[in-house]
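Topology and contacts: notes
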Amino acid sequence: MSLTEGPILTAADLAGNGVYGDDPDGNGKFGVFGGRFVPEALIPALDEVAAEYEKAKTDEEFLREFDHLLRTYAGRPTTLTEVPRFAAHAGGARIVLKREDLTHTGAHKINNVLGQALLTRRLGKTRVIAETGAGQHGVATATAAALLGLECVIYMGAVDCERQALNVARMKLLGATVVPVTNGSQTLKDAINEAFRDWVTNVDRTHYLFGTVAGPHPFPEIVRDFARIIGVEARRQILELTGRLPDAVCAAVGGGSNAIGIFHAFIGDEGVRLYGYEAAGRGLESGEHALTLTAGSVGVLHGSRTYVLQDEEGQTIESHSISAGLDYPGVGPEHAWLKDSGRAVYEGITDAEAMEAFALLARTEGIIPAIESSHALAGALKLGRELGPEATILVNLSGRGDKDMGTAMKYFDL
Amino acid sequence: MTTLQTVFAKARAENRAALVGYLPAGFPTKDGAVAAATAMVEAGCDVIEIGLPYSDPLMDGPTIQDAVHRSLTNGTRIGDVMRTVEGVAKTGAATLVMTYWNPIDRYGPARFARDLANAGGVGTITPDLTPEESGVWLQESKDAGIDTVFLVAPSSTEDRIGKVAKICTGFVYAASLMGVTGARESVGSAAEGLVARTRRHTSLPVCVGLGVGTGAQAAEVAAYADGVIVGSAFIRRLLDAPDEAAGLASVRELAAELAAGVRR
Ligand SMILES: Cc1ncc(COP(=O)(O)O)c(C=O)c1O
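About the thresholds
- Residues numbered from 1 in each chain as written.
- Chains lettered and ligands numbered in written order.
- Predicted model: local features only at pLDDT ≥ 70, side-chain atom pairs only at ≥ 80, totals over all residues.
- Heavy atoms only, no water.
- Contact = heavy atoms within 4.5 Å.
- Buried area = accessible area lost by both parts, 1.4 Å probe.
- Salt bridge = Lys/Arg side-chain N within 4 Å of Asp/Glu carboxyl O.
- Polar contact = N/O pair within 3.5 Å; in protein donor to acceptor, adjacent residues only side chain to side chain.
- Helix = DSSP H or I, 4+ residues; strand = E, 2+ residues; numbered from the N terminus.
- Nonpolar A, V, L, I, M, F, W, Y, C, P; charged D, E, K, R; others polar.
- Near = heavy atom within 4 Å.
- Domains from an automatic or database assignment.
- Buried < 20%, exposed > 50% of the residue type's maximum accessible area, 1.4 Å probe, protein only.
- Core = buried A, V, L, I, M, F, W, Y, C linked by side-chain atoms within 4.5 Å.

**Let's talk about the interface of chain B and chain A**
It is common to give the size of an interface as the accessible area that goes away when the parts come together. On the side of chain A, 35 residues touch chain B, which itself brings 36 residues to the contact. Interface area for chain B against chain A, summed over the two sides, is near 3000 Å², with a carbon-plus-sulfur share of 47%. On the chain B side of the interface with chain A, the three residues burying the most area are B:Leu58, B:Arg106 and B:Glu133, jointly 23% of the side's total. Across the contact surface, chain B and chain A share 7 salt bridges. For the salt bridge of A:Glu312 with B:Arg77, the shortest nitrogen-to-oxygen distance reads 2.9 Å. Here chain B and chain A share 23 residue pairs in polar contact (both at pLDDT 80 or more) between them. Ranked by residues supplied to the side of chain B that touches chain A, first place goes to helix H5 (residues 101-107) of chain B with 5 residues. For the side of chain B that touches chain A, the per-class residue count stands at 19 nonpolar, 8 polar and 9 charged.

Structure follows, in structure tokens:
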């Protein structure tokens, strides 16, 4: 099927692959991970969202609307771009980027947001709230709220407000209220706490438009399904481009939405290795990192059983990353499941490695990536050297780097 | 050790509601928490909930967040929580621990239940543990002989109230309103209806918490509930006091006012 004609999205694209553990069980579990650890007060709202999504995902009208927005508003399908000058630094392996940076608002977050914004309308709710780290999810949510005439409040850690100041301004311009969160680590984790507090207070008219594949059931499933289009398109496109499946798929992992989004369509393809790159910050030994899957332990955070950065008494340990979007001490439960099952491999990329890949892509290919996505690029550079020149590596370029210019100016003394 | 059953039987015999006070361990200091809870008991609290300070208290409002943050900054650990329980239980009040699930999960449910029972604690309140995920905790609590209290909320359906009530022992905690912890101008109008709905599913006592902070509110709630739960208002008194002695006096005064309220 051509990518520019006919629907780009069908009910099948939102559904699982029919592979093991693909969809969570009745209690929202991927194996032992996921579930719901939330105040009872929120259970009816979560049930309501889950029930509405079950109806929506096979409803022709909903699919048509979602498809229409993805195509005419978000700019899907996004293209693939092969990057040979960048790949020359990766031992000559073929590297192909999935260009989520080219979507409206500049990151993969828009896919999930448009889906959930339509769901909000079906739920009869007039207000959306969201957490944001890098500000991309906040911007996407503010955008969809403007488009659909919804009231919008975004919670953002005060530290993140500063390092992603441009996105704060964008959200305000789009008509959203941005609430800086000044407790705890003043980053994504605390923004999520605050959003939950708002939700439990205003749940009758508010949808919590959750931004990643973490949180209580059904968010990990819904956000994944709405991000799934990334991999569905990329799989068709790379077959068209190279005549075969890639050897590896790489993505950055914060909460895990862009990674699950591109991984999912490949889970059934045994020969395709899946690599998720977490933020190693200043390195594992420094203790200043966000290596949830690689160095964390199983626990409960933000309503879900998953890997968590925590001490021996279950207190969350604050994460660190130069990238606000990866600076999170938890991760989506499906990634925990993919890790334990061995289907996907997760590794760390330091701030320095990510910034090097950030600059390299800019200089060699004229593409300025988000610092989050730069972790996946740095991973691909390593992997290319490992797999050799015959290999093809597909990288999810989850977002663009405009928002990161402040950080880059400081880092590179520009 | 005073059990919850004894407390509610006594309150019923006196034709009044029980008064339940909440305070996080380690706040205002490790010893200060025991002193404050003791003052609360002496002035009329029948039950004390000791909060286990957690880094991500997502159902708590600013007052409890503030206290918990101070407690964690004071270096409060689970061992300190157990020692606090031990100190408070000695006063003769039935003493519970209120905690998010992850600290128990990580500490080890069996170990936590055993340590709590050994400290003289009579049970736990676990606000983010749903019936679906409660299996392990119910078993360990039963083995250790401690009660398990869970929450229902105004949004709860009949089905959910039934499920929650079924796994409660000791009492059922009815959240008076949709929102986070914190004293309010008025107690949620949904509380009375929620208590009535909960009673259809259980013969356990039903206690109301969230938003109660004055003697008048305590009296209002005591008219239809078996227990009145007050947390943030006590913490507020300690936060606003110029020194520890003034804090204790202030907490004692509030407990007396509330105790009069539940007897009105
Ligand atoms: C461009 C970009 N990539 C990745 C992420 C990380 O989120 P996730 O792991 O959910 O994709 C973010 C989050 O803000 C982002 O903006």
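From this point, the narrative continues.
**Quick look at unusual backbone geometry**
With an omega of 15°, the peptide bond between A:His217 and A:Pro218 qualifies as cis. You can see A:Pro218 is positioned in the loop between strand S8 (206-208) and helix H10 (219-227). Backbone torsion omega between B:Phe27 and B:Pro28 reads 0°, so that peptide bond is classified as cis. Relative to the elements of secondary structure, B:Pro28 occurs in the loop between strand S1 (18-24) and helix H2 (30-42). Residues other than glycine seldom take positive phi values, yet A:Thr105 does so here, at roughly 75°. Position of A:Thr105 relative to the elements: it lies in the loop between strand S4 (94-99) and helix H5 (109-122).

**With respect to the environment of A:Gly261**
Residue and element names in this part refer to chain A. Within the secondary structure, Gly261 sits in helix H12 (residues 257-263). C-alpha separation for the pair Gly261 and Ala295, spaced 34 residues apart in sequence, amounts to 23 Å. Once residues lying within four places of it in the same chain are set aside, the contact partners of Gly261 are Ala227, Arg228, Ile230 and Gly231.

**Focus: the site of the ligand**
Residues and elements named next belong to chain A. The full set close to the ligand counts 18 residues, and Thr212, Gly254, Gly256, Ser257 and Ser398 are the nearest of them. One of the backbone N or O atoms of Gly256 is found 2.7 Å from an oxygen atom in the ligand. Ser257 places a polar side-chain atom, nitrogen or oxygen, 2.6 Å from an oxygen atom of the ligand. Partitioned by chemical class, the residues of the shell around the ligand number 5 nonpolar, 11 polar and 2 charged. Each of domain 1 (29-74 + 109-224) and domain 2 (80-106 + 228-412) contributes no fewer than three residues to the shell around the ligand.

**Here's the deal with the pattern of salt bridges**
Residues and elements named next belong to chain A. Taken as a whole and judged by the stated rule, the model has 54 salt bridges over all chains. Arg163 serves as the salt-bridge partner of Asp327, at 2.7 Å between the closest nitrogen and oxygen. Of this pair, Asp327 sits in the loop between strand S12 (304-308) and helix H14 (333-341) while Arg163 sits in helix H7 (residues 158-163); the two residues are 164 residues apart in sequence, bridging distant segments of the chain. Residue Asp327 shares its accessibility class with Arg163, and that shared class is buried. The residue Arg235 makes a salt bridge to Asp269 at a minimum N-O spacing of 2.7 Å. Of the two residues, Arg235 sits in helix H11 (residues 229-242) while Asp269 sits in the loop between H12 and strand S10 (273-281), which places them 34 residues apart along the sequence.

**Some remarks on the side chain of A:Glu221**
Residues and elements named next belong to chain A. Take Glu221: it is sitting in helix H10. Residue class for Glu221 comes out buried when judged on its relative accessible area of 7%. Ignoring any residue separated from it by four or fewer positions in sequence, one finds Glu221 in contact with Asp23, Pro24, Glu54 and Lys57.

**Points about the domain arrangement of chain A**
Residue and element names in this part refer to chain A. Partitioning chain A into structural domains gives domain 1 (29-74 + 109-224) and domain 2 (80-106 + 228-412). Taking the mean C-alpha position of each, domain 1 and domain 2 sit 22 Å from one another. Between domain 1 and domain 2, the contact holds 43 residues from the first and 45 residues from the second. Carbon and sulfur atoms supply 61% of the area buried between domain 1 and domain 2, which totals about 3400 Å² over both sides. Looking only at domain 1, the three residues that lose the most surface to domain 2 are Phe33, Arg163 and Arg224, adding up to 22% of its buried area. Remark: the boundary between domain 1 and domain 2 carries 2 salt bridges. Where Glu334 meets Arg224, a salt bridge forms, and the shortest distance between an N and an O atom there is 3.1 Å. The interface formed by domain 1 and domain 2 holds 18 residue pairs in polar contact (both at pLDDT 80 or more) in total. Listed by contribution, the elements that provide at least two residues to the side of domain 1 that touches domain 2 are strand S2 (33-34), H5, helix H6 (136-148), H7, helix H8 (165-173), helix H9 (188-202) and H10.

**Describing the nonpolar core**
Counting 122 residues, the largest nonpolar core has A:Trp199, B:Phe112 and B:Phe171 as the members making the most contacts within it. No other element matches the 7 residues that H9(A) contributes to this core. Looking at which domains feed residues into this core, each of domain 1 (29-74 + 109-224) and domain 2 (80-106 + 228-412) of chain A gives three or more. Core analysis: the second largest hydrophobic core is formed by 67 residues, A:Leu80, A:Ile110, A:Ala142 and A:Ile230 among them.

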